[in-house]
Amino acid sequence: VGLTGDPNVKKFLNRIAGLDVARQNLVFSLFMATLDDVVAEAKATGEFEGSVEDIRATRITLKGQPEVIAIDASCGAKTELTKLIIDRGISFDDMVNAMIVEHKSGGSENSKADGEEAVKIG
């Protein structure tokens, strides 16, 4: 950043690159602490806009159609609400199939807890 207050990212990064590693770490620590404070304040005041996030699940399905919940007056950009059904477990059918496969293969002796006995199915 120059003396005029003009933010020039390239110049800023070049100047940081000229510092020794310990000072670089201090600058980036200060930057991260400041960023964390700004994000926390934005969340507290409702101004924080989240980013794209990964959703991990065994099955994800749409719950209905996306719904327009806002339209920006200046540019007409739409904000849509998309509801998802997220299944992070295993389906009953998949569990039954896994148990059938294990039963047909004779099961695993290592999978039994101490004192547990095998139960014959069918």
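The structure this text deals with has already been given above.
Everything quoted here is computed from the prediction, not taken from an experiment.

Colleague: When you look at the overall build of the protein chain in this model, what are you seeing that I'm missing?
Modeller: Scanning the protein chain for helices and strands turns up three helices and four strands. Taken from N to C terminus, the helices and strands of the protein chain fall in the order α-α-β-β-β-β-α. Evaluated residue by residue, the protein chain yields a buried proportion of 3% over its 122 residues. At a minimum sequence separation of 6, the contacts of the protein chain that also span at least 24 residues come to 31%. Accessible area for the protein chain stands at about 11100 Å²; split by element, carbon and sulfur atoms hold 56% of it.

Colleague: So what exactly am I meant to see when it comes to the pattern of salt bridges here?
Modeller: Two side chains bearing opposite charge may form a pair once their charged atoms approach each other closely. Scanning the entire structure with this criterion turns up one salt bridge. Here D20 and R23 are joined by a salt bridge, their closest N and O atoms 3.5 Å apart. A residue is classified by how much of its surface remains accessible, and R23, at 52% relative accessible area, is exposed.

Colleague: Honestly, a negative patch on the surface in this entry has me stumped. Any pointers?
Modeller: Taken together, the side chains of D36, D37, E41 and E47 present a region of like negative charge at the surface. Mapping D37 onto the fold places it in helix α2 (residues 21-45).

Colleague: Is there a simple way to explain the pairing of strand β2 (residues 67-71) in this structure?
Modeller: In summary, the side chains of a regular strand alternate between the two faces of the sheet. As defined by bridge partners, β2 adjoins strand β3 (residues 78-81) across four bridges and the pair is classed as antiparallel. Bridge pairing in β3 links I71 to K78. Here β2 hands over to β3 after six residues, with G76 in that stretch at a positive phi of 80 degrees.

Colleague: What is the right way to look at a nonpolar patch on the surface in this model?
Modeller: Taken together, V9, F12, L13, F28, F31, M32 and L35 make up a surface patch of nonpolar side chains, about 640 Å² in accessible area. By secondary structure assignment, the location of F31 is in helix α2.

Colleague: What am I meant to see in the side chain of Q24 here?
Modeller: Looking at the secondary structure, you find Q24 in helix α2. At 3.4 Å, the side chain of Q24 forms a polar contact with the backbone oxygen of A17. Polar side-chain contacts of Q24 include one of 3.0 Å to the backbone oxygen of L19. Once you skip the residues sitting within four places of it in the chain, Q24 turns out to touch I16, A17 and L19.

Colleague: For this particular structure, what's the right way to read α2?
Modeller: For an α-helix, 3.6 residues make a turn, and residues three or four places apart therefore share a direction. The end-to-end C-alpha distance of α2 is 36 Å, a good match for the 36 Å that 25 residues give at a rise of 1.5 Å each. G46 sits one or two positions beyond α2 and adopts a positive phi of about 80 degrees.

Colleague: How do you make sense of the packing of aromatic side chains when you look at a structure like this?
Modeller: Remark: the centre distance and the inter-plane angle together describe each pair of aromatic rings, the angle taken between the planes. This structure, assessed with the given rule, holds zero aromatic pairs. The side chain of K43 reaches across the aromatic face of F48, ending 5.0 Å from its centre.

Colleague: Looking at this structure, how should I read the packing of helix α1 (residues 9-17) against α2?
Modeller: Between two packed helices, the angle of one axis relative to the other and the distance separating the axes together describe the packing. Between α1 and α2, the shortest axis-to-axis distance is 9 Å and the interhelical angle comes to 140 degrees. Viewed along their axes, α1 and α2 adopt a mutual orientation that is oblique. Across from F12, I16 and A17 in α1, the residues of α2 making contact are Q24, V27 and F28. A class-by-class count of the residues in the contact of α1 with α2 yields five nonpolar, one polar and no charged.

About the criteria used
- Residues numbered from 1 in each chain as written.
- Predicted model: local features only at pLDDT ≥ 70, side-chain atom pairs only at ≥ 80, totals over all residues.
- Heavy atoms only, no water.
- Helix = DSSP H or I, 4+ residues; strand = E, 2+ residues; numbered from the N terminus.
- Buried < 20%, exposed > 50% of the residue type's maximum accessible area, 1.4 Å probe, protein only.
- Contact = heavy atoms within 4.5 Å.
- Areas by Shrake-Rupley, 256 points an atom, 1.4 Å probe, with all protein chains shown as cover.
- Salt bridge = Lys/Arg side-chain N within 4 Å of Asp/Glu carboxyl O.
- Patch = residues over 30% accessible without salt bridge, like charges linked within 9 Å, V, L, I, M, F, W, Y side chains within 5 Å.
- Lys, Arg positive; Asp, Glu negative; His and termini not counted.
- Charge placed at Lys NZ, Arg CZ, Asp CG, Glu CD.
- Pairing = 2+ DSSP bridges.
- Polar contact = N/O pair within 3.5 Å; in protein donor to acceptor, adjacent residues only side chain to side chain.
- Expected span 1.5 Å × (residues − 1).
- Phe/Tyr/Trp six-rings, centres within 6.5 Å; stacked < 30°, edge-to-face > 60°.
- Lys NZ or Arg CZ within 6 Å of the ring centre and 35° of its normal.
- Axes fitted to C-alpha atoms, helices over the stretch in contact; angles between N-to-C directions.
- Parallel < 35°, antiparallel > 145°, perpendicular 65-115°, else oblique.
- Nonpolar A, V, L, I, M, F, W, Y, C, P; charged D, E, K, R; others polar.

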